[in-house]
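# Structural features, examined
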Amino acid sequence: MRNVYESAHPLVKHKLTILRDKATKPKKFRELIREIAILLAYEATRDLALAPTTVETPMGLAPGAFLQEQIGLVPVLRAGLGMVEGVWEMMPGSEVWHIGLFRDERTLKPVQYYNKLPVSPTVQVCIVLDPMLATGGSASATVDILKRWGAQRIKYMGIIAAPEGIQTLHDAHPDVDIHLAAVDEKLNEIGYIVPGLGDAGDRQFGTG
Ligand code: PRP
Ligand code: URA
């Protein structure tokens, strides 16, 4: 599928294996979510626009470049929270706009409970952060919200996806690049990714 990118990086694969392990405790789990998010951001931001500049070194002038566009990081509560700090450290000039959604356990449809976006868009590129792309309902709803806000360019960064979720997000928003650490086999009958890692929010926050 066009614009779906699954990381082939050995560090991502190594860290993802420990992340999936049911014996991994919340502290280590959070550390890994943070580190994998940084590695995925490195891949997901390779097409950001640059403005050329010149910098004075102790030895003379050197050509340089700065990020040209204002970036918005959009973590989806709760589980996306663990992905934001590391990525923000890489791009400290970014704005962070939280979106609160949870999946109704019965219908598996997303329910919005937090959105404090201002009236007009303040960023040129949005990067949605949410580790799990399961049915794709939450990701599609988040992109809907950002497009209604007026966001022009949107990228999605997740850690594990089910094929069903990728298809749903891609069908609804074919212009959105999807960056992932892994594409898993399927969803089970209660909407969990198999083999996945279980509930990403509960495993980060110790609430399972
Ligand atoms: C998880 C995950 C996504 C959503 C994915 O959140 O972080 O937001 O499920 O599922 P979908 O693709 O079927 O919509 P959850 O609803 O468990 O909320 P939480 O992060 O607050 O635990
Ligand atoms: N949300 C999760 O946290 N895990 C899944 O497998 C599916 C949705």
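Figured I'd write up the structure that's included with this text. A quick note: this is a predicted structure, and the numbers were derived from the prediction, not measured.

### Focus: the site of ligand 1
- Surrounding ligand 1, one finds 14 residues, the nearest of these being Arg-103, Asp-130, Thr-135, Gly-136 and Ser-138.
- Note that an oxygen atom of ligand 1 is positioned 3.0 Å from one of the backbone N or O atoms of Ala-79.
- Take Thr-135: an N or O atom from its side chain is 2.6 Å from an oxygen atom of ligand 1.
- Protein burial of ligand 1: of its 500 Å² of free accessible surface, 91% is covered by the chains.
- Going through the elements one at a time, strand 6 (99-103), strand 9 (132-133) and helix 4 (137-149) are the ones with two or more residues in the shell around ligand 1.
- In the shell around ligand 1, the residues fall into 6 nonpolar, 5 polar and 3 charged.

### Comments concerning the pairing of strand 8 (residues 125-129)
- Of all 5 residues in strand 8, 5 are buried; the element is thus mostly enclosed.
- Of the two faces of strand 8, the one carrying Val-125, Ile-127 and Leu-129 and the one carrying Cys-126 and Val-128 are both buried.
- Of the strand pairs in this sheet, strand 4 (residues 71-77) and strand 8 are connected by 5 bridges, and their pairing is parallel. Residue pairing in the sheet places Val-74 in a bridge with Val-128 of strand 8.
- As paired elements, strand 8 and strand 10 (residues 153-157) share 5 bridges and run parallel to each other. Looking across to strand 10, one finds that Cys-126 is bridged to Ile-154.

### With respect to the site of ligand 2
- Taken together, Arg-103, Met-132, Ala-134, Gly-191, Tyr-192, Ile-193, Gly-198, Asp-199 and Ala-200 make up all the residues around ligand 2.
- In this structure, a nitrogen atom belonging to ligand 2 sits 2.8 Å away from a main-chain N or O atom of Gly-198.
- Between ligand 2 and Ala-200 there is a distance of 2.8 Å, counted from an oxygen atom to a backbone nitrogen or oxygen.
- About the coverage of ligand 2: the protein hides 90% of its 240 Å² of free accessible area.
- Grouping the amino acids of the shell around ligand 2 by side-chain chemistry returns 5 nonpolar, 2 polar and 2 charged.

### Here we look at the environment of Pro-131
- Structurally, Pro-131 is set in the loop between strand 8 and strand 9.
- Taking the C-alpha atoms as reference points, Pro-131 and Ile-160, separated by 29 residues in sequence, lie 6.2 Å from one another.
- Among all residues touching Pro-131, those that are not within four sequence positions of it are Ile-33, Ala-79, Gly-80, Met-83, Gly-158, Ile-159, Ile-160, Ala-200 and Gln-204.

### Remarks on the sheet that holds strand 13 (residues 182-183)
- Strand order in the open sheet made by the 3 strands is 9-11-13, with parallel pairing throughout. Across the chains shown, the open sheet's two edge strands, defined by having one partner strand only, are strand 9 and strand 13.
- As judged from the 2 bridges shared by strand 11 (residues 160-161) and strand 13, these two strands associate in the parallel manner. Opposite Ile-160, over in strand 13, you have Ala-182 as the bridge partner.

### Remarks on a nonpolar patch on the surface
- On the surface, a nonpolar cluster with roughly 360 Å² of combined accessible area is contributed by Phe-102, Val-111, Tyr-113 and Tyr-114.
- With 3 residues, the single largest contributor to the nonpolar patch is strand 7 (residues 110-115).
- Checked against the element boundaries, Phe-102 lands in strand 6.

### As for helix 1 (residues 10-20)
- For helix 1, every residue scored as buried is listed here: Val-12, Lys-15, Leu-16 and Leu-19. The arc that holds the buried residues of helix 1, viewed along the axis, is 105°, so those residues lie on one side. When the buried face of helix 1 is taken as reference, the exposed residues oriented beyond 90 degrees from it are Pro-10, His-14 and Thr-17.
- Along its buried surface, helix 1 packs onto helix 2 (26-44), strand 11, strand 13 and helix 6 (200-205).

### Points about the packing of helix 1 against helix 2
- Contact pair helix 1 / helix 2: the axes reach a minimum separation of 10 Å and the direction vectors enclose 155°. One element, helix 1, and the other, helix 2, form an angle in the roughly antiparallel class. The way helix 1 lies across helix 2 gives a crossing that is left-handed. Residues Leu-11, Val-12, Lys-15, Leu-16, Ile-18 and Leu-19 of helix 1 lie in contact with helix 2, whose contacting residues are Lys-28, Phe-29, Leu-32, Ile-33, Glu-35, Ile-36 and Leu-39.
- Of the residues contributing to the contact of helix 1 with helix 2, the split by class is 10 nonpolar, no polar and 3 charged.

Rules and cut-offs
- Residues take numbers from 1 onward in each chain, read along the sequence in its written order.
- The naming scheme follows written order: chains are lettered A onward, ligands numbered 1 onward.
- Only residues with pLDDT of at least 70 get local features here, since the model is predicted, and only at 80 or more are side-chain atom pairs given and counted; chain-wide, interface and lining totals rely on the full set of residues.
- Hydrogens and water are ignored here; the side-chain numbers use all heavy atoms of the structure.
- Any residue with a non-hydrogen atom lying within 4 Å of a molecule or strand is treated as near it.
- We define a polar contact as two N or O atoms separated by no more than 3.5 Å, with the added condition that, inside protein, one atom must be a possible hydrogen donor and the other a possible acceptor, whereas residues neighbouring each other in sequence contribute only through side-chain atom pairs.
- Areas reported as accessible are Shrake-Rupley estimates using a 1.4 Å probe. Residue values count occlusion only from the protein chains shown.
- A run of H or I in DSSP becomes a helix once it reaches four residues, and a run of E becomes a strand once it reaches two; helices and strands are each numbered from the N terminus.
- Charged means Asp, Glu, Lys or Arg here, nonpolar means Ala, Val, Leu, Ile, Met, Phe, Trp, Tyr, Cys or Pro, and polar covers whatever is left, Gly included.
- Relative accessibility decides the category of a residue: with a 1.4 Å probe and only protein chains considered, values under 20% of the type maximum give buried, values over 50% give exposed, and everything between is partly exposed.
- The pairing criterion for strands is at least two bridges between them, as found by DSSP.
- Contacts between residues were defined by any pair of non-hydrogen atoms, one from each residue, lying within 4.5 Å.
- What makes a patch is a set of residues exposed beyond 30% relative accessible area and free of salt bridges, joined within 9 Å when like-charged and within 5 Å when nonpolar (Val, Leu, Ile, Met, Phe, Trp, Tyr).
- We define a salt bridge as a side-chain nitrogen of Lys or Arg found within 4 Å of a carboxyl oxygen belonging to Asp or Glu.
- The directions considered for the arc are those from the helix axis to the C-beta atoms.
- Fitting a line to C-alpha atoms yields each axis, with helices limited to the stretch in contact; the angle taken between N-to-C directions then spans 0 to 180 degrees.
- Here the word oblique covers every angle except those under 35 degrees (roughly parallel), over 145 (roughly antiparallel) and from 65 to 115 (roughly perpendicular).
- For any helix crossing, the convention is left-handed if the near helix is rotated counterclockwise from the far helix by under a right angle, and right-handed if that rotation is clockwise.

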